Amino acid sequence: MRMKAAILFEQGRKRPYAETKPLVVEEVELEGPGPGEILIEVAAAGLCHSDLSAIEGIRPRPLPIVIGHEGAGIVREVGPGVTGLKPGDHVITVFVASCGECRYCVRGRPNICTSGFSARAAGTLLSGARRIRRLDGTPINHGSGLSLFAQYAVVHRRSAVKIDPAIPLEDAAIFGCAVMTGAGAVFNTAALKAGENIAVVGLGGVGMNALFAAVAAGAERIVAVDTNPEKLGLARQWGATDTFLATDPDCVKKVREATDGGLDTVIETAGSIPAMQLAAAITARGGSTISAGLPDAKATFSYLHAELVSDERSIRGSYMGSCVAERDIPRFLGLYKRGKLPVERLRSGFLGLEEINTGFDRLADGSVLRQILRPNA
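A few points on the structure. The shown structure was predicted, so the numbers you read here are calculated from the model rather than taken from an experiment.

### A word on the nonpolar core
Line of reasoning, step 1. Core analysis: the biggest nonpolar cluster contains 104 residues, and Phe149, Ile329, Phe332 and Phe360 have the highest contact counts within it.
Line of reasoning, step 2. For this core, the leading source of residues is helix 7 (residues 205–217), giving eight residues.
Line of reasoning, step 3. With 13 residues, the next largest nonpolar core counts Val225, Phe244, Cys251 and Ile282 among its residues.

### Structural notes on the layout of surface pockets
Line of reasoning, step 1. The space that makes up the second largest pocket amounts to roughly 210 Å³.
Line of reasoning, step 2. The wall of the second largest pocket is formed by 14 residues, among which Ala280, Tyr303, Leu304, Glu307 and Arg313 lie closest to the centre.
Line of reasoning, step 3. Secondary-structure elements contributing two or more residues to the lining of the second largest pocket are helix 10 (273–281), helix 11 (305–310) and strand 16 (314–317).
Line of reasoning, step 4. With three residues, helix 10 is the single largest residue contributor to the lining of the second largest pocket.
Line of reasoning, step 5. Among the residues making up the lining of the second largest pocket, the classes are represented as seven nonpolar, four polar and three charged.

### Regarding the sheet that holds strand 15 (residues 283–291)
Line of reasoning, step 1. The six strands are arranged 13-12-11-14-15-16 in an open sheet whose pairing can be described as parallel. One side of each edge strand has no neighbouring strand; the edge strands of this open sheet are strand 13 (242–245) and strand 16. On average, adjacent strands in this sheet sit at an angle of 20° to one another, irrespective of strand direction.
Line of reasoning, step 2. Across four bridges, the pairing between strand 15 and strand 16 is parallel. Along strand 16, the bridge assignment pairs Ile290 with Arg316.
Line of reasoning, step 3. Against the sheet, helix 8 (residues 229–237) touches strand 12 (221–226) and strand 13, its axis set at about 175° to strand 13.
Line of reasoning, step 4. The sheet contacts of helix 9 (residues 251–258) involve strand 12, strand 13, strand 14 (263–268) and strand 15, and relative to strand 13 the element is tilted by about 165°.

What counts, and at which threshold
- Residues numbered from 1 in each chain as written.
- Predicted model: local features only at pLDDT ≥ 70, side-chain atom pairs only at ≥ 80, totals over all residues.
- Heavy atoms only, no water.
- Core = buried A, V, L, I, M, F, W, Y, C linked by side-chain atoms within 4.5 Å.
- Buried < 20%, exposed > 50% of the residue type's maximum accessible area, 1.4 Å probe, protein only.
- Helix = DSSP H or I, 4+ residues; strand = E, 2+ residues; numbered from the N terminus.
- 1 Å grid on protein atoms, 1.4 Å probe; cavity = no way out; pocket = protein on both sides within 12 Å on 5 of 7 lines; lining within 4 Å.
- Points joined across faces, edges and corners; volume = space filled by probe spheres on them.
- Nonpolar A, V, L, I, M, F, W, Y, C, P; charged D, E, K, R; others polar.
- Pairing = 2+ DSSP bridges.
- Axes fitted to C-alpha atoms, helices over the stretch in contact; angles between N-to-C directions.
- Contact = heavy atoms within 4.5 Å.

Everything listed here is a matter of coordinates, which is why it stays silent on function.
Spelled out as structure tokens, the structure:
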């Protein structure tokens, strides 16, 4: 079938993207689903900082590629061997297609499945196939096995979780990345308990979902840190007990003084080394610094090893919120239905495919939380 897609041909183009157009919208050919795959009509896809990193060239990707890894849609066709889904079902996509058989999958950690990572690095689906081609026959790579900046997508069955069709797809879209990554870091990686304290450094879509989760978990003290005063204002409205401006030279000192030596849990979601350094600096003795942000692939973070030992601190990574998608997406949707994860508050407007470069300018400016692409609107 023919459809429109936004293709990334070159990484590292300069801003403004509305002029340099790193994402080129053109008509392409999409093959039908193979064994174990499904065809979905993309109803909504979030513009995420991970996509921005691909555009900037911070995280290398095989080119040309259709990116977009956070979304929701409607199943239109299923390939041979697919079970549990049928045409008409509503699904949320998952950006790690787990094989279900490797050492990580069988231990309940499909978010770090080696097969899924290998396929993503190669720009293929889990099967090794590429289903998108330009009209001249040139194959196009898949972003995270999804390629959601398009009207339709062929994805592996294990890249989709069926949901209640009553849930608006515009809200469901961000559960596949921002909610799993942010809320999952709180509920799964940190295992935050009622009455504990926590800080969130970086208040984008992921960070705000971590904030929502901390409120839902019953945290006693919730500190929010960001470079944007407007986002700090929103954080106060949405449950933060304390807010601090990261650009304040005395930010670390003020946080530590206000919290009697720092926080027991600090989650960094900005994906930058300065943010990670700040997060570590406001972590209390005996506490845990958790990074859920992805910086430049070659970036390094250093710490005083003796202090790590003497303070009994821990530094941990949280990928996809340490989630098992089939378990956690229904759980998080349940909180959403009860108003505990009010993701609709994060929506910063809707875009069509032709506006996608402008959308990434806004995201790079830090002026938005989650813009939603509606490629078939």
